[in-house]
Amino acid sequence: MSVTAGVLAVQGDVSEHATAIERAGRANGEDVTVHKIRTAGIVPDCDLLLLPGGESTAISRLVHREGIAQEIIDHADAGKPLLATCAGLILVSRDSGDERVQTLDILDVTVERNAFGRQRDSFEAPLPVAGLEEPFPAVFIRAPAIDAVGEDVEVLATWDDRTVAVRADNIVATAFHPELLDDSRIHDLAFFHRTSV
Ligand code: GLN
């Protein structure tokens, strides 16, 4: 089988995401073609989308300026799978609590940017995730936390009493960075084994 994956590439950790989805596809017997998305017109060709971490203020400005924002919304509305990590989670949320980030409002959550404080800018945690048998080694980098979760949103993980991973239908979003490690289980949850937990 072959799938076309789009990695939003206006800013952020793009190549890590491209490598991670190729690896996850291979492990699931799928041949993945990756498109890096910097302009409008590519998202409609993608079966699945990845929205990387980076700086959500910059990413949101660029997706709107380049006309990519509506295409991502259409992808989500069509029920196609999407994985959003860190700044990507902020981008898809209903409200980022920061007027500089114009969110896409395709995931019914509100988020707090940089929620884990300066002392713990970056950290790794063995994170229990619903649907995974063993904890996931989650890397948090100036990570947001999820504050309010809509009715149709399933909480997959919490850390320090904060929600850090959720799923709603075709969208999985994490405050941490599953693309940085050689561990494809979050990609599997988002794209390849999409049964509800
Ligand atoms: N702190 C960043 C923001 O608020 C997100 C960090 C990340 O994506 N690693 O946009």
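A brief report on the enclosed structure follows. (Residues numbered from 1 in each chain as written. Predicted model: local features only at pLDDT ≥ 70, side-chain atom pairs only at ≥ 80, totals over all residues. Heavy atoms only, no water.)

**Section: the site of the ligand**
For step 1, the next point in the chain: Taken together, Gly 53, Gly 54, Glu 55, Ser 56, Cys 86, Ala 87, Ile 90, Arg 113, Asn 114, Ile 141, Arg 142 and His 177 make up the full set of residues near the ligand.
For step 2, the next point in the chain: A distance of 2.7 Å separates a nitrogen atom of the ligand from a polar atom in the side chain of Asn 114.
For step 3, the next point in the chain: In this structure, a nitrogen atom belonging to the ligand sits 3.0 Å away from a main-chain N or O atom of Arg 142.
For step 4, the next point in the chain: Against a free-state accessible area of 300 Å², the protein chains account for coverage of 96% of the ligand.
For step 5, the next point in the chain: Residue composition of the shell around the ligand, by class: 4 nonpolar, 5 polar and 3 charged. (Near = heavy atom within 4 Å. Polar contact = N/O pair within 3.5 Å; in protein donor to acceptor, adjacent residues only side chain to side chain. Areas by Shrake-Rupley, 256 points an atom, 1.4 Å probe, with all protein chains shown as cover. Nonpolar A, V, L, I, M, F, W, Y, C, P; charged D, E, K, R; others polar.)

**Let's talk about the nonpolar core**
For step 1, the next point in the chain: In terms of nonpolar packing, the biggest core is built from 70 residues, with Leu 8, Ile 72, Leu 107 and Phe 140 touching the most fellow members.
For step 2, the next point in the chain: The contact partners of Leu 8, leaving out residues within four places of it in the chain, are Val 14, Ile 37, Leu 50, Leu 51, Pro 52, Ile 59, Val 63, Ile 68, Ile 72 and Leu 91. (Core = buried A, V, L, I, M, F, W, Y, C linked by side-chain atoms within 4.5 Å. Buried < 20%, exposed > 50% of the residue type's maximum accessible area, 1.4 Å probe, protein only. Contact = heavy atoms within 4.5 Å.)

**Focus on the pairing of strand E6 (residues 122–127)**
For step 1, the next point in the chain: Of the two faces of E6, only the one carrying Phe 123, Ala 125 and Leu 127 is buried; Ser 122, Glu 124 and Pro 126 on the other face are not.
For step 2, the next point in the chain: In this structure, E6 lies alongside strand E7 (residues 136–141), joined through 6 bridges in antiparallel fashion. By the bridge assignment for E7, Ser 122 is matched with Ile 141. (Helix = DSSP H or I, 4+ residues; strand = E, 2+ residues; numbered from the N terminus. Pairing = 2+ DSSP bridges.)

**Describing the pattern of salt bridges**
For step 1, the next point in the chain: Using the criterion set out here, one finds 11 salt bridges in the structure.
For step 2, the next point in the chain: Its salt-bridge partner being Arg 94, residue Asp 108 comes within 2.8 Å of it at the nearest N-O pair. Here Asp 108 is found in the loop between helix H4 (87–92) and strand E5 (109–112), whereas its partner Arg 94 is found in the loop between H4 and E5, with 14 residues between them in sequence.
For step 3, the next point in the chain: Across the salt bridge formed by Glu 112 and Arg 162, the nearest N and O atoms sit 2.9 Å from each other. Taken as a pair, Glu 112 in strand E5 and Arg 162 in strand E10 (residues 162–168) lie far apart in primary sequence, 50 residues in all.
For step 4, the next point in the chain: Bridged by salt links that share partners, the residues Glu 55, Asp 98, Arg 100, Arg 113 and Arg 142 form one connected network. (Salt bridge = Lys/Arg side-chain N within 4 Å of Asp/Glu carboxyl O.)

**Some points on the packing of aromatic side chains**
For step 1, the next point in the chain: Scanning the model with the defined rule gives 6 aromatic pairs in all.
For step 2, the next point in the chain: Considering the side-chain rings of Phe 116 and Phe 123, the 5.5 Å spacing of their centres and the 65 degrees angle between planes classify their relative orientation as edge-to-face.
For step 3, the next point in the chain: Among the residues examined, Phe 116 registers a relative accessible area of 12% and is labelled buried.
For step 4, the next point in the chain: Both rings, one in Phe 123 and one in Phe 140, keep their centres 4.6 Å apart while their planes meet at 10 degrees; by these two values the pair is stacked. Here Phe 123, found in strand E6, pairs with Phe 140, found in strand E7; they are 17 residues apart in sequence, far enough to count as distant.
For step 5, the next point in the chain: According to the relative accessible area criterion, Phe 123 is buried, its value standing at 12%.
For step 6, the next point in the chain: What links up through ring pairs into an aromatic cluster is the set Phe 116, Phe 123, Phe 136, Phe 140 and Phe 176. (Phe/Tyr/Trp six-rings, centres within 6.5 Å; stacked < 30°, edge-to-face > 60°.)

**Quick notes on the environment of Leu 50**
For step 1, the next point in the chain: With respect to the helices and strands, the residue Leu 50 is situated in strand E3 (residues 48–51).
For step 2, the next point in the chain: The class of Leu 50 is buried, set by a relative accessible area of 0%.
For step 3, the next point in the chain: In the structure, Leu 50 is positioned 94 residues away from Pro 144 in sequence and 17 Å away in space, judged by C-alpha atoms.
For step 4, the next point in the chain: For Leu 50, the contacting residues outside a window of four places in its chain are Ala 5, Gly 6, Val 7, Leu 8, His 17, Ile 21, Leu 83, His 187 and Phe 191.

**Considerations on the environment of Asp 13**
For step 1, the next point in the chain: With respect to the helices and strands, the residue Asp 13 is situated in the loop between strand E1 (2–8) and helix H1 (14–27).
For step 2, the next point in the chain: By relative accessible area, Asp 13 is classed as buried at 13%.
For step 3, the next point in the chain: Sequence separation between Asp 13 and Arg 38 is 25 residues; the distance between their C-alpha atoms is 13 Å.
For step 4, the next point in the chain: Setting aside residues up to four positions removed in sequence, Asp 13 forms contacts with Pro 52, Gly 53, His 177, Glu 179 and Leu 180.
For step 5, the next point in the chain: Side-chain polar atoms of Asp 13 contact the backbone nitrogen of Gly 53, separated by 3.1 Å.

**Some remarks on the packing of H1 against helix H5 (residues 185–192)**
The relative placement of two packed helices is expressed as an angle between their axes plus a distance between the axes.
For step 1, the next point in the chain: Interhelical geometry of H1 versus H5 gives an angle of 75 degrees and a closest axis separation of 10 Å. With respect to their mutual orientation, H1 and H5 come out roughly perpendicular. Packed against H1, whose contacting residues are Ala 20, Ile 21, Ala 24 and Gly 25, the element H5 presents His 187, Phe 191 and Phe 192 at the interface.
For step 2, the next point in the chain: Residues that form the contact of H1 with H5 fall into these classes: 5 nonpolar, 2 polar and no charged. (Axes fitted to C-alpha atoms, helices over the stretch in contact; angles between N-to-C directions. Parallel < 35°, antiparallel > 145°, perpendicular 65-115°, else oblique.)

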